[in-house]
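Spelled out from the first residue to the last, the chains are:
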Amino acid sequence: MGKKQYIVKFAGLPVGTHEFEFKINGTFFEQFNETEITEADIDITVVLTKQNNLMQMQFEINGTVNLSCDRCLKYYDFPIEASENLVVKYGNDEESTDEIIAVNEAAGYADISHYLFEYIMLALPSRRVACEVDEDFKCDEETIKKLNENLVTDEEVNPIWEKLNKLKINKN
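None of these values were measured; they are calculated from a predicted model.

**Quick look at the overall build of the protein**
Within the protein, the secondary structure is distributed over four helices and seven strands. Counting from the amino terminus, the protein carries its helices and strands in the arrangement β-β-β-β-β-β-β-α-α-α-α. The C-alpha radius of gyration computed for the protein amounts to 24 Å, which surpasses the reference 16 Å derived for 172 residues by more than 25%, pointing to a less compact arrangement than a globule. Overall size of the protein, expressed as C-alpha extent along the three principal axes, is 80 × 45 × 25 Å. Out of the 172 residues belonging to the protein, those deemed buried represent 31%. Residue pairs at least 24 apart in sequence account for 57% of intrachain contacts in the protein once pairs closer than 6 positions are excluded. As presented, the protein carries roughly 11,700 Å² of accessible surface, and 48% of it is formed by carbon and sulfur atoms. Taking the average place of the 17 positive charges on the side chains of the protein and the average place of its 33 negative ones, the gap between the two points comes to 8 Å.

Structural data, given as structure tokens:
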């Protein structure tokens, strides 16, 4: 699914409400370097309300994204749900902001792929620990065990820190 698939054409549409539907899977995220998402199943409905000089897009995003657990690195499907609004106006492309797209009137379309990406990323939690969300999810105990083995305990003091601690004790 290339970037061209996520274009809303509004040239020639009459004033009123129009609905567009998009399907996003893992290949959508390949065009964006700053994401770890490789699998997704997301349905997006865009309701475009066209007026004479202004248009409003309302996005409804529903689906799942495959994420890795922050605790054990095991992958799980995280359900996402989001609603966003975007205003489209005619003007110079450089006038665009986070909430307003300015498009050339002659163009007659808007590429919304970057906005879709941002809305999906904003719907994801900052902390991704699946067992806290889903009672049926079981963390990978082998990975957790390996991580715990690598933790430094208070009894295991690095020789560098030992010398610094002696300096600290002598100072007091």
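There is more to say, and it comes next.
**Digging into the pairing of strand E5 (residues 75-90)**
The pairing of strand E4 (residues 54-68) with E5 spans 15 bridges and is antiparallel. What sits directly across from Leu 54, in E5, is Lys 89. Hairpin connection of E4 to E5: six residues between the antiparallel strands, including Leu 73 at a positive phi of 70°. Here E5 runs beside strand E6 (residues 100-103); their pairing, made up of four bridges, is parallel. The residue bridging Lys 89 from the neighbouring strand is Ala 102, located in E6.

**A few points about the nonpolar core**
Counting 43 residues, the largest nonpolar core has Ile 42, Ile 44 and Met 57 as its most contacted members. Of all elements in the fold, only strand E2 (16-25), strand E3 (40-50), E4, E5, E6 and helix H1 (113-123) reach the threshold of two or more residues within this core. Contacts of Ile 44, omitting those with residues within four sequence positions, involve Phe 20, Glu 21, Phe 22, Ile 24, Phe 59, Glu 60, Ile 61, Leu 116 and Ile 120.

**Concerning the sheet that holds E4**
Reading across from one edge, E2-E3-E4-E5-E6 is the order of the five strands in this open sheet, with mixed pairing throughout. Of all the strands in the sheet, the pair left with one neighbour each is E2 and E6. The sheet shows a mean angle of 20° between the axes of neighbouring strands, taken without regard to direction. Judged from the 10 bridges that link them, E2 and E3 form a sheet pairing that is antiparallel. Its bridge partner lying in E3, His 18 is registered against Leu 48. Each of E2, E3, E4, E5 and E6 touches H1; the most contacted strand, E5, lies at about 135° to it.

**Structural notes on the pattern of salt bridges**
If you walk through the whole model with that rule in mind, you get three salt bridges. Note that Lys 23 is salt-bridged to Asp 43, the shortest N-O span being 3.1 Å. Taken as a pair, Lys 23 in strand E2 and Asp 43 in strand E3 lie far apart in primary sequence, 20 residues in all. Across the pair Arg 128 and Glu 36 runs a salt bridge, and its minimum N-O distance is 2.2 Å. Here Glu 36 lies in the loop between E2 and E3 and Arg 128 lies in the loop between H1 and helix H2 (130-133), a separation of 92 residues in the sequence. Looking at Arg 128, the relative accessible area reads 15%, which means it is buried.

Rules behind the numbers
Residues numbered from 1 in each chain as written. Predicted model: local features only at pLDDT ≥ 70, side-chain atom pairs only at ≥ 80, totals over all residues. Heavy atoms only, no water. Helix = DSSP H or I, 4+ residues; strand = E, 2+ residues; numbered from the N terminus. Rg over C-alpha atoms; globule rule 2.2 N^0.38 Å. Buried < 20%, exposed > 50% of the residue type's maximum accessible area, 1.4 Å probe, protein only. Contact = heavy atoms within 4.5 Å. Areas by Shrake-Rupley, 256 points an atom, 1.4 Å probe, with all protein chains shown as cover. Lys, Arg positive; Asp, Glu negative; His and termini not counted. Charge placed at Lys NZ, Arg CZ, Asp CG, Glu CD. Pairing = 2+ DSSP bridges. Core = buried A, V, L, I, M, F, W, Y, C linked by side-chain atoms within 4.5 Å. Axes fitted to C-alpha atoms, helices over the stretch in contact; angles between N-to-C directions. Salt bridge = Lys/Arg side-chain N within 4 Å of Asp/Glu carboxyl O.

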